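Observations on the three-dimensional arrangement
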Amino acid sequence: MPGLPVDLDACIERLYKRELLAEPVIEAICAKTKELLMRESNVVHILSPVTVVGDIHGQFYDLLEIFRIGGFCPDTNYLFLGDYVDRGLFSVETISLLVCLKLRYPNRVHLIRGNHESRGVTQSYGFYTECARKYGSANVWHHFTDMFDFLTLSVVINNDIFCVHGGLSPSIHSIDQIKIIDRFREIPHEGPMADLVWSDPDADRDEFALSPRGAGYTFGAQVVKKFLEINDFSHILRAHQLCQEGFQVLYDDRLSTVWSAPNYCYRCGNLASVLEVDDLGARFFNVFDQAPENAENRIDQQPAEKVPVEYFL
Amino acid sequence: MMAITFYASHFGPTSTFAHPAIQATTRPAPVANHPHPQTVHTYRTNKMSSTSPPPSTSSSSMPPPPPAPAQLTAKEVQAVMPSAVDAGRTITVGGITVTTRKLPILNAAEIEAMTEKLGIAPPEMIFGNNVVSIKGVAKADGAPGEKDKTWKIEFNALDALDLVDKTGSDMLKVAYSAAWQKQRENMHEGIKEVVKPFDWTYSTHYRGTVTENARFEPTQQQIPLDKLRRQDPILFFDDVMLYEDELADNGMSILSVKVRVMPARLLLLARFYMRLDDVVFRIRDTRVFVEFAEGLVLREYQEREDSYENVKKKLMPYREDVPAIMRDANQMVEFLPLQGTVVEKMVL
């Protein structure tokens, strides 16, 4: 990568071994990634074959497991659907590796923004705390979260499969309406950009409905059908929702949820999957369980027989 | 267009699923003219030692791909999936039996069944098969016709969630709700339908599920903290999650149950913790105390609550640690004022 004062291959090699990069290196890498992402549209068009990955949430060893199962970069093309950080123990290592891979293989790795790629959410759910603990200051968190503002919002595979982190928005009928969003900012609480990263499907409904919590939407079967018709797509691929089976297919195979964090939070006992789109556009779920290293490295959650005994009151 | 394939070798008749790891894979045969090298799809168990992964060597230790894989539907996969974590631990001390069970979160079919029973959507992480129970026997006192009576108090997610307000009358709204509603009114006036209103913070005043022949009555007695502060040997300890939700990234809601059994007594703590960012903090604790020799069973229920603003002020000195403290119910309990305590004693 021209103009980058670090050796990306060396960084990637270190990160595969779960070694942290120095703060100035992170700063340089984030700056360069911003330049690269700035040139991407809000709707990036790519071609299969590509392996699509859902939420990872800092479960670094499970990300390595995905590469072992699905192939390492650049032998396999990857599309990540967001939520790289928070909850898991290794958010810094996870996002560092993904950003380095994006810089090293910009056309073979694509990163979409999830609702956790934001300043607000990462302060509550672990990434901020992890950065402060591992680096002694919040600087690294600032570098990463500033870079998050540049991540794209959606990807279309083979002009046929629409990929987004959360789901659809009542403000968006055609993908042209996504292209005009000013995305280079913190994720707002309302509007189409918020909907794309937050909304969930509701299989019992046809239209949009308001969430009981007073903000946000769910979208139903007719919404999905209309969106696919208007844009001449056949499928919506999204992440954002935990599923015990690792994936869920709804609306007569018009929408898939891909979840890629097995044994989420090291205690949910769920499976995970990645979705492979082959060169003909056919979709295959590759289901997997948690990486063996999780048990050795998790510090907060222990196997049942080793739960730390506590004199709680 | 969609296919899920699991390797036949792993699902064959001799497979016992002793280990929860499964690898499903999907690409039945190498694709001709594949623009990048064929990726390795292989069945591995979690017990296999893993090497750190320089990409070039990552596949060298893998077994060769098995022959033609069998097609299985998601339902079939579910049916043969082993239960992970542990299927139950139990201890009997002083005539009291404590059982805990920790299983994976519910699958799609189980969630659907629970939604039907409850009438509301369960939390994001729903451990509907988890349970903590305490069972005992009250000996007959010798009166004619008197028989030994067994009693049981149990904690499970379904019963806890059944006590969540389903009418929407206790409903809290996220901090930015007013602004959000105003902004959207102009744009999407057609969307009026609200997903059935209910207390989406999953606040519950659950005190456990008690068998019919036991009931609790108010008492002046207190749980003897001095006895519980002693470092008596702990014969059995467990921490069991019942449910957890991130409130769509507006905070957290979590119900978990801890239990410790000592030679002469036991303590159970079912703690509900809820933080709604920029709105409120809430803790609801149920403690069950059993003194084996006396056959004494006490249950204490406490509510703690404060506004986000007040708590934030109290936490100011902790600076960088504040987000971590706000995630930890055990630390937060110190900062939330007690709203009320009820102590009850079990009678048979």
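Residues numbered from 1 in each chain as written. Chains lettered and ligands numbered in written order. Predicted model: local features only at pLDDT ≥ 70, side-chain atom pairs only at ≥ 80, totals over all residues.

As recorded by an unreviewed UniProt entry, chain B carries the name TIP41-like protein and is attributed to Orbilia brochopaga. According to its UniProt record, chain B has this under Sequence similarities (unreviewed entry): "Belongs to the TIP41 family." (UniProt positions renumbered as here; feature names shortened; annotations may be inferred.)

The name recorded for chain A in an unreviewed UniProt entry is Serine/threonine-protein phosphatase, from Orbilia brochopaga. Among the UniProt annotations of chain A, the heading Sequence similarities (unreviewed entry) holds the following wording: "Belongs to the PPP phosphatase family." Under Catalytic activity (unreviewed entry), UniProt gives the following word-for-word description of chain A: "O-phospho-L-threonyl-[protein] + H2O = L-threonyl-[protein] + phosphate".

Each helix and strand in chain B was counted, giving 9 helices and 15 strands. Across chain B, every contact between residues at least 6 apart in sequence was considered, and the portion connecting residues at least 24 apart equals 68%. (Helix = DSSP H or I, 4+ residues; strand = E, 2+ residues; numbered from the N terminus. Contact = placed C-beta atoms within 7 Å.)

What follows concerns the sheet that holds strand 9 (residues 217-219) of chain A. All names here are of chain A. Here we have 3 strands laid out as an open sheet, ordered 7-9-8, and mixed in their pairing. Edge positions in the open sheet fall to strand 7 (200-201) and strand 8 (209-210), since each of these has one partner strand only. Sheet topology note: the strand 7/strand 9 ladder contains 2 bridges and is parallel. Looking across to strand 9, one finds that Asp200 is bridged to Thr218. (Pairing = 2+ DSSP bridges.)

Since the α-helix packs 3.6 residues into each turn, any two residues three or four apart lie on the same face. Residues and elements named next belong to chain A. All of the buried residues along helix 10 (residues 221-231) are Val223, Val224 and Phe227. Axial view of helix 10: buried residues confined to an arc of 95°, hence all on one face. The inward-facing, buried residues of helix 10 abut strand 9, strand 10 (235-238) and strand 12 (255-258). Trailing helix 10 by a residue or two, Asp232 shows a phi angle of about 60°, which is positive. (Buried ≥ 20, exposed ≤ 12 C-beta atoms within 10 Å, placed from the backbone. Arc of directions from axis to C-beta.)

Turning our eyes to something else, we now look at unusual backbone geometry. Residues and elements named next belong to chain A. Residue Pro49 follows Ser48 across a cis peptide bond; omega there is 5°. When you line up the elements, Pro49 lands in the loop between strand 1 (43-46) and strand 2 (50-53). Omega for the peptide link from Cys73 to Pro74 comes to 0°, which places this bond in the cis form. For Pro74, the position within the fold is in the loop between helix 3 (60-70) and strand 3 (78-80). We note that His57 has phi near 50°; this positive angle belongs to a residue other than glycine.

All names here are of chain B. With 70% of its residues at a pLDDT of 70 or more, chain B has an overall mean of 77. Considering only residues more than four positions removed or in separate chains, one finds that residues 1-85, a stretch of pLDDT under 50, has 124 contacts. Predicted complex metrics record ipTM = 0.88 and pTM = 0.82. (pLDDT = per-residue confidence, 0-100.)

Residue and element names in this part refer to chain B. With 10 of 12 residues buried, strand 13 (residues 280-291) lies mostly within the body of the structure. In this structure, strand 12 (residues 265-276) lies alongside strand 13, joined through 12 bridges in antiparallel fashion. Residue pairing in the sheet places Arg265 in a bridge with Glu291 of strand 13. Sheet topology note: the strand 13/strand 14 (residues 296-307) ladder contains 12 bridges and is antiparallel. Note on strand 14: the bridge partner recorded for Asp285 is Gln302. Where strand 13 folds back onto strand 14 in an antiparallel hairpin, the turn is made up of 4 residues, including Gly295, whose phi is positive at roughly 65°.

This part covers the pairing of strand 13 (residues 272-277) of chain A. Residues and elements named next belong to chain A. Of all 6 residues in strand 13, 6 are buried, a share of seventy percent or more. Because side chains alternate across strand 13, one face comprises the buried residues Ala272, Val274 and Glu276, and the other comprises Ser273, Leu275 and Val277, equally buried. As paired strands, strand 2 and strand 13 are joined by 4 bridges and run antiparallel to one another. Bridged to Val50 within strand 13 is Val277. Bridge analysis of strand 13 against strand 14 (residues 283-288) gives 6 bridges, and the strand direction is antiparallel. Residue pairing for strand 14: Val277 is matched across the bridge by Arg283.

What follows deals with the sheet that holds strand 12 of chain A. Residue and element names in this part refer to chain A. Reading across the sheet, the 6 strands line up as 1-5-6-10-12-11 and stay open at both edges, with mixed pairing between neighbours. The two strands at the open ends of the sheet, each matched to only one other strand, are strand 1 and strand 11 (247-250). Ignoring strand direction, the axes of neighbouring strands in this sheet form an average angle of 20°. (Axes fitted to C-alpha atoms, helices over the stretch in contact; angles between N-to-C directions.)

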